[in-house]
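Spelled out, the chains give:
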Amino acid sequence: MASEPRVDSEVGPLRAVLLHRPGNELKRLTPRNNDQLLFDSIPWVDRAQQEHDAFADVLRGRGVEVLLLADVLRAALEDDRAHTAGVHAAVDERHLGQTLADSLRSYLSGVDAGTLAEVLTGGLTFEELPAAEGASLVRKMHRPHDFAIDPLPNLLFTRDSSVWIADRVAISSLAMPARRRETALFDLIYAYHPRFRRAARAYGAHSAPVEGGDVMLLAPGVLAVGVGERTTAAGAESLARSVFADDLAHTVLAVPIAQERATMHLDTVCTMVDRDAVVMYPLARDSLVAFTMRPAGDGSLNVSGPEPFLHAAAEAMGIEKLRVIDTGLDPVTAEREQWDDGNNTLALAPGVVVGYERNAETNARLEEAGLEVLPIAGSELGSGRGGPRCMSCPIARDPID
């Protein structure tokens, strides 16, 4: 029996998760466009798929139901309303002009759900457009391999596009142009897939920028939200007001992080690995601070701080202190492993985490602290800067004991 969607923590036993197996969208990456599409290198797609399959098998081996985005999207698009929404989200009239846009919408409206799902994720080049009558300046002035519909290679990182908070889903408002169309895909998935039709929303997808990699459920009712390159202060405040209004949380910590590629999300700096423990980049241990937001009785916010993040988090969680496991005391090793997503672990249960095998120092320190580490290969999966947490959107977790 499928688990009902609900997530109250980062470490409760994982029951269901949404992943995206790398597909043709990664084959669209070239040295000419990889920066624009937010990848640091060109991945070997076949190997990335093998690594991802092994990751999914590790989860299934621990009793986790793995939902694959391509399957979920295709099922949602079987609904005529979702199909229409998908077509209109994909076709940008400002890019194509009205005539070509109308022609492409007409074509896509007639394709089946599987074909449309592939176009929505993998994009469409000008040479792949259906033949059209009449002259088109737009077609003539673009090269054959230019994109009429951009691919979405960052779908691999399903954590960023949506996050479950209790029994509601927050659809992210993504900051980077290369990722904004992901919002529309997840909007229609959660609106039209039979598994999620009854799910209420925790945050409006068109509100101020918030990305799921910045949102951590430290404990039931306690959220931490990174504010940096991808999530704005306005987004953190809007999310806080939303979860307070819906009685999903009593405390939200806004955590400023450096606005740079190496620390694009809070979960590149630290992740929860146990009920009372985080793995954390050493340089962030003493520098991270938090502004604490709590609801006021009149519907406004009480905002305090900043104060040290570890102290604010422990107080909000109702524990004496958070245990911290560093990614290495040697600064060079720590910096290398932070860049290679050593802090970006996925907890399958309290004290059981998945991490990239290449982060040997971090994994050793986690094991020394009494945790079980399930290592996976990530030589190609990590080329877009994301680890096991980035690549997974938990749909259902059991409560923490």
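What counts as what
- Residues numbered from 1 in each chain as written.
- Predicted model: local features only at pLDDT ≥ 70, side-chain atom pairs only at ≥ 80, totals over all residues.
- Heavy atoms only, no water.
- Helix = DSSP H or I, 4+ residues; strand = E, 2+ residues; numbered from the N terminus.
- Buried < 20%, exposed > 50% of the residue type's maximum accessible area, 1.4 Å probe, protein only.
- Contact = heavy atoms within 4.5 Å.
- UniProt positions renumbered as here; feature names shortened; annotations may be inferred.
- 1 Å grid on protein atoms, 1.4 Å probe; cavity = no way out; pocket = protein on both sides within 12 Å on 5 of 7 lines; lining within 4 Å.
- Points joined across faces, edges and corners; volume = space filled by probe spheres on them.
- Nonpolar A, V, L, I, M, F, W, Y, C, P; charged D, E, K, R; others polar.
- Domains from an automatic or database assignment.
- Pairing = 2+ DSSP bridges.
- Salt bridge = Lys/Arg side-chain N within 4 Å of Asp/Glu carboxyl O.

## Considering the side chain of Thr125
Note that Thr125 resides in strand β3 (residues 124–125). Given a relative accessible area of 3%, Thr125 falls into the buried group. Contacts of Thr125, omitting those with residues within four sequence positions, involve Arg28, Pro144, His145, Asp146, Phe147 and Ala148.

## Concerning the UniProt feature "active site" (unreviewed entry) in the protein
UniProt records the feature "active site" (unreviewed entry) at Cys390, using the numbering of this structure. Here Cys390 shows up in the loop between β18 (372–376) and β19 (393–397). On the basis of relative accessible area, Cys390 is assigned to the buried category, the value being 2%. Sequence-distant contacts of Cys390, defined by excluding residues within four places in its chain, comprise Leu156, Phe157, Thr158, Arg159, Asp267 and Asn344.

## Some thoughts on the side chain of Arg389
Mapped onto the secondary structure, Arg389 falls in the loop between β18 and β19. The residues contacting Arg389, other than those within four sequence positions of it, are Glu10, Arg159, Gly212, Gly213, Val215, Met216, Asp267, Thr271, Asn344, Thr345 and Leu346.

## As for the layout of surface pockets
The computed volume of the largest pocket comes to approximately 380 Å³. Of all the secondary structure elements, the ones that give two or more residues to the lining of the largest pocket are α4 (80–90), α5 (93–96), β4 (147–149) and α10 (180–192). Taken together, the residues of the lining of the largest pocket break down into 9 nonpolar, 2 polar and 8 charged. Two domains share the lining of the largest pocket, each providing at least three of its residues, namely domain 1 (14–67 + 154–397) and domain 2 (72–149).

## Some remarks on the pairing of strand β5 (residues 162–165)
Of the two faces of β5, the one carrying Ser162 and Trp164 and the one carrying Val163 and Ile165 are both buried. Bridge analysis of β5 against strand β6 (residues 168–171) gives 4 bridges, and the strand direction is antiparallel. Note that in β6 the partner of Val163 across the bridge is Ala170. Counted along the chain from β5 to the antiparallel partner β6, the turn is 2 residues long, and its residue Ala166 has a positive phi close to 60 degrees.

## Structural notes on empty space enclosed by the protein
In the structure shown here, the tally under the stated rule is 8 cavities of 30 Å³ or more. Volume-wise, the largest cavity comes out at about 70 Å³. Along the walls of the largest cavity sit Val7, Ser9, Glu10, Arg159, Ser162, Val163, Trp164, Leu217, Cys393, Pro394 and Arg397, which together make up its complete lining. Broken down by secondary-structure element, the contributors of at least two residues to the lining of the largest cavity are β5 and β19.

## Observations regarding the pattern of salt bridges
Side chains carrying opposite charge are able to pair once their charged atoms draw close together. One pass over the full model with this rule turns up 26 salt bridges. Measuring nitrogen to oxygen at the nearest pair gives 3.7 Å for the salt bridge that ties Glu4 to Arg198. On the criterion of sequence distance, the pair formed by Glu4 in the segment before β1 (14–19) and Arg198 in the loop between α10 and β7 (200–203) is long-range, its members being 194 residues apart. Residue classification places Glu4 among the exposed residues on the basis of a relative accessible area of 55%. Notably, a salt bridge pairs Glu93 with Arg105, separated by 3.3 Å at the nearest N-O pair. With Glu93 in helix α5 and Arg105 in helix α6 (residues 98–109), this residue pair connects regions lying 12 residues apart in the sequence. Judged by relative accessible area, which is 16%, Arg105 ranks as buried. Here the salt bridges do not stand alone but share partners, grouping Glu10, Arg159, Asp267 and Arg389 into one network.

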